[in-house]
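Here is what each chain is made of, one letter per residue.
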Amino acid sequence: MDLRIFTEPQQGATYDTLLTVAKATEDLGFDAFFRSDHYLRMGNGDGLPGPTDAWITLAGLARETKRIRLGTLMTAGTFRLPGVLAIQVAQVDQMSGGRVELGLGAGWFEEEHKAYGIPFPKEKFARLEEQLAIVTGLWATEAGKTFDFHGTYYDLTESPALPKPAQRKIPVLIGGHGATRTPRLAARYADEFNIPFASVEDSERQFGRVRAAAAEAGREEGDLTYSNALVVCVGRDDQEVARRAAAIGREVEELKANGLAGSPAEVVDKIGRYAEIGSRRIYLQLLDLGDLDHLELISTQVQSQLS
């Protein structure tokens, strides 16, 4: 089971804070550092000092880290034109020496679009399908040849399809709870399917839908990696768990029901239940970015038991 650190900087974080967490992620032996792609905080809090851009952040981290994978859960398709996104991600992949992964979703948080003047189209899923076709098509185009795409929402003519990423193929993550269109899209374009904040039972049902869609599309068994994203709150004792839950404005029992919370043994046991249904990677949603002791505890008491 791979453990990856997943951050939500829109809730309030500077680039320096993210750099500190990313370096700790690397030093403590975690597999990857991922971040959300949002421009507006959610829920309580002031979001200070304000948002940071996902791909600018990852470009900086690409030069400051050496081993960990870097990526997004999920880049919002509404934020960037697909041709521009393909250039940005390929460049960051080059800057990292081939350590980038792209999670791409349709975009959903209407308030942040209103706040920053970003169009929020009604038909987002059909746009996402075209975006995936364009981004992956540009990267796959042989050097010296051109790429054309003529869709409903995007039109590319004789694109040189440059630059190329450092990796032969940048892994693409698709995720969500949708019962029909999401599995079909994952079966066609994804290297990894991620389901966010879902129970073991709901994850098993959705993984089954994606496996069926992948088989129908002719994908080989084991061709896709299946993963979960879950909030994490671990403590050496009940008092430490309660303190960490309070720091992120959550209740312990709610966190235990909907995430990975409790003692290291409790968390390892619950991760095992996700492993039994085929999850091979957990993105640990770390909400208190100033609590590096939390990261160290997860590394020494949870990750060590899963290696």
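This section reports on the structure supplied with the text.

Calculation rules
Residues numbered from 1 in each chain as written. Predicted model: local features only at pLDDT ≥ 70, side-chain atom pairs only at ≥ 80, totals over all residues. Heavy atoms only, no water. Helix = DSSP H or I, 4+ residues; strand = E, 2+ residues; numbered from the N terminus. Rg over C-alpha atoms; globule rule 2.2 N^0.38 Å. Buried < 20%, exposed > 50% of the residue type's maximum accessible area, 1.4 Å probe, protein only. Contact = heavy atoms within 4.5 Å. Areas by Shrake-Rupley, 256 points an atom, 1.4 Å probe, with all protein chains shown as cover. Lys, Arg positive; Asp, Glu negative; His and termini not counted. Charge placed at Lys NZ, Arg CZ, Asp CG, Glu CD. Salt bridge = Lys/Arg side-chain N within 4 Å of Asp/Glu carboxyl O. Polar contact = N/O pair within 3.5 Å; in protein donor to acceptor, adjacent residues only side chain to side chain. Core = buried A, V, L, I, M, F, W, Y, C linked by side-chain atoms within 4.5 Å. Phe/Tyr/Trp six-rings, centres within 6.5 Å; stacked < 30°, edge-to-face > 60°. Lys NZ or Arg CZ within 6 Å of the ring centre and 35° of its normal.

## Observations regarding the overall build of the chain
- What the chain contains, in helices and strands, is eleven helices and twelve strands.
- Here the chain has a C-alpha radius of gyration of 19 Å; the compact-globule value for 307 residues is 19 Å, and the two agree.
- Along the longest, intermediate and shortest principal axes, the C-alpha atoms of the chain span 60 × 45 × 35 Å.
- Within the span of the chain, comprising 307 residues, buried residues form 54% of the whole.
- At a minimum sequence separation of 6, the contacts of the chain that also span at least 24 residues come to 73%.
- Just so you have it, the chain exposes about 13,800 Å², and 49% of that area is on carbon and sulfur atoms.
- Across the chain, the centroid of the 34 positively charged side chains sits 3 Å from that of the 44 negatively charged ones.

## Here we look at the pattern of salt bridges
- Here the structure, examined in full by the defined rule, presents 23 salt bridges.
- Of the charged contacts in the structure, one is a salt bridge between aspartate 37 and arginine 80, with a shortest N-O distance of 2.7 Å. Here aspartate 37 is found in the loop between β2 (32-35) and α2 (54-64), whereas its partner arginine 80 is found in the loop between β4 (75-76) and α3 (82-96), with 43 residues between them in sequence.
- Overall, the relative accessible area of 1% leaves aspartate 37 in the buried class.

## Observations regarding the side chain of glutamate 130
- Structurally, glutamate 130 is set in helix α5 (residues 124-140).
- Of the side chains with opposite charge, arginine 127 comes closest to the buried, unpaired glutamate 130, at an N-O distance of 7.3 Å.
- At 3.1 Å, the side chain of glutamate 130 forms a polar contact with the backbone nitrogen of tyrosine 153.
- For glutamate 130, the side chain forms a polar contact with the main-chain nitrogen of tyrosine 154, separated by 3.2 Å.

## Here's the deal with the environment of aspartate 288
- Relative to the elements of secondary structure, aspartate 288 occurs in the loop between β12 (281-286) and α11 (292-306).
- Residue aspartate 288 is classed as partly exposed on the basis of its relative accessible area, which comes to 29%.
- For the pair formed by aspartate 288 and glycine 218, sequence separation is 70 residues and the distance between their alpha carbons is 42 Å.

## What about the nonpolar core?
- Within the largest apolar cluster, 75 residues are counted, with the highest numbers of intra-cluster contacts made by Leu3, Trp55, Leu102, Trp139, Leu284 and Val302.
- When residues in this core are grouped by element, the largest group, eight residues, is from α5.
- With residues near it in sequence (within four places) discarded, tryptophan 55 still touches Thr72, Thr75, Arg80, Leu85, Val89, Val92, Val100, Glu101 and Leu102.
- Core analysis: the second largest hydrophobic core is formed by seven residues, Phe6, Ala32, Leu73 and Tyr283 among them.

## Description of the packing of aromatic side chains
- Inspection of every chain in the model, using the stated rule, returns six aromatic pairs.
- An aromatic cluster of at least three residues, connected via ring pairs, comprises Tyr39, Phe79 and Tyr116.
- Lying across the ring of tyrosine 226, arginine 211 places its NZ or CZ 4.5 Å from the centre.

## Examining the side chain of histidine 38
- Its location among the elements puts histidine 38 in the loop between β2 and α2.
- With relative accessibility at 11%, the residue histidine 38 sits in the buried group.
- Within the local environment of histidine 38, its side chain forms a polar contact with the side chain of glutamate 112, the two groups lying 2.9 Å apart.
- Sequence-distant contacts of histidine 38, that is, excluding residues within four places in its chain, are made with Gln10, Pro51, Thr52, Phe79, Trp108, Phe109 and Glu112.

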